[in-house]
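Survey of secondary and tertiary structure
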Amino acid sequence: MKLRYSDMVKQTIGIPIIKTLGQLAFSVPPVEKFHIFTMKEIGKGELEIVHYIPNAEYNATVLVTTDQKLKYCNEPVCAIVDSDCVYVSLLNELSCI
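Reading guide: rules and limits
Residues numbered from 1 in each chain as written. Predicted model: local features only at pLDDT ≥ 70, side-chain atom pairs only at ≥ 80, totals over all residues. Heavy atoms only, no water. Pairing = 2+ DSSP bridges. Helix = DSSP H or I, 4+ residues; strand = E, 2+ residues; numbered from the N terminus. Salt bridge = Lys/Arg side-chain N within 4 Å of Asp/Glu carboxyl O. Buried < 20%, exposed > 50% of the residue type's maximum accessible area, 1.4 Å probe, protein only. Patch = residues over 30% accessible without salt bridge, like charges linked within 9 Å, V, L, I, M, F, W, Y side chains within 5 Å. Areas by Shrake-Rupley, 256 points an atom, 1.4 Å probe, with all protein chains shown as cover. Polar contact = N/O pair within 3.5 Å; in protein donor to acceptor, adjacent residues only side chain to side chain. pLDDT = per-residue confidence, 0-100. Axes fitted to C-alpha atoms, helices over the stretch in contact; angles between N-to-C directions. Contact = heavy atoms within 4.5 Å.

Strand direction decides the pairing type here: strand 2 (residues 34-43) and strand 5 (residues 77-82), joined by four bridges, are antiparallel. What sits directly across from isoleucine 36, in strand 5, is cysteine 78. When strand 5 meets strand 6 (residues 85-90), the two strands line up antiparallel, connected through six bridges. From the neighbouring strand, valine 77 faces strand 6, where its bridge partner is leucine 90. As consecutive antiparallel partners, strand 5 and strand 6 are separated by two residues, and within that stretch serine 83 has a phi angle of approximately 60°, a positive value.

The next subject is the pattern of salt bridges. Applying the stated criterion across every chain yields a total of two salt bridges. Aspartate 82 is the partner of lysine 33 in a salt bridge, and the nearest nitrogen-oxygen pair spans 4.0 Å. Here lysine 33 is found in the loop between helix 1 (7-27) and strand 2, whereas its partner aspartate 82 is found in strand 5, with 49 residues between them in sequence. Taking relative accessible area as the criterion, lysine 33 reaches 54% and is therefore assigned exposed. Note that glutamate 48 is salt-bridged to lysine 40, the shortest N-O span being 3.8 Å.

Further remarks concern a nonpolar patch on the surface. A contiguous nonpolar patch, built from Phe34, Ile80 and Tyr87 and spanning about 230 Å² of accessible area, is present on the exposed surface. Accessibility expressed as a relative area gives 30% for isoleucine 80, which makes it partly exposed.

Right, let's get into the environment of serine 27. Secondary-structure assignment places serine 27 in helix 1. In this structure the C-alpha to C-alpha distance between serine 27 and cysteine 78, which are 51 residues apart in sequence, comes to 15 Å. In terms of polar contacts, serine 27 uses its side chain to reach the backbone carbonyl oxygen of glutamine 23, at 2.9 Å. Only 3.3 Å separates the side chain of serine 27 from the backbone oxygen of leucine 24, close enough to count as a polar contact.

Once that is clear, we can look at the confidence of the model for the protein chain. A residue-level look at the protein chain finds 95% of positions with pLDDT of 70 or above and a mean pLDDT of 87. Model confidence for the protein chain, summarised as mean pLDDT per element, is weakest for helix 2 (residues 91-94) at 80 and strongest for strand 1 (residues 2-5) at 94.

Moving on: the sheet that holds strand 5. Here we have six strands laid out as an open sheet, ordered 1-6-5-2-3-4, and mixed in their pairing. A strand with exactly one partner marks an edge of an open sheet, and here the two such strands are strand 1 and strand 4 (58-65). Strand-to-strand twist in this sheet, taken as the mean axis angle between neighbours without regard to direction, amounts to 25°. Here strand 3 (residues 46-53) pairs with strand 4 via eight bridges, running antiparallel. Bridge pairing in strand 4 links leucine 47 to valine 64. Contacts from helix 1 reach strand 1, strand 2, strand 3, strand 4, strand 5 and strand 6, with the element oriented near 135° to strand 6.

This is how it looks when you write it as structure tokens:
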């Protein structure tokens, strides 16, 4: 699986969370193309990620824990799966396309 993302995404949420979102988007069978993620900090070093797939009516919550400061954003992030590549972007970046 390859990951593609903009500089804005890299600066906003950072590589560790980008990798997590890519894995979540690519791991739900059958592979759906469009995924939406929302994030919120629920404790020190704990981040709650809600994974939503509109076409599959799929909704799951994932807890990410670390001893490092996590970079995340309050706005939705989307992932688009195309073959063996996952494109991660901020939802407001899609309105520019």
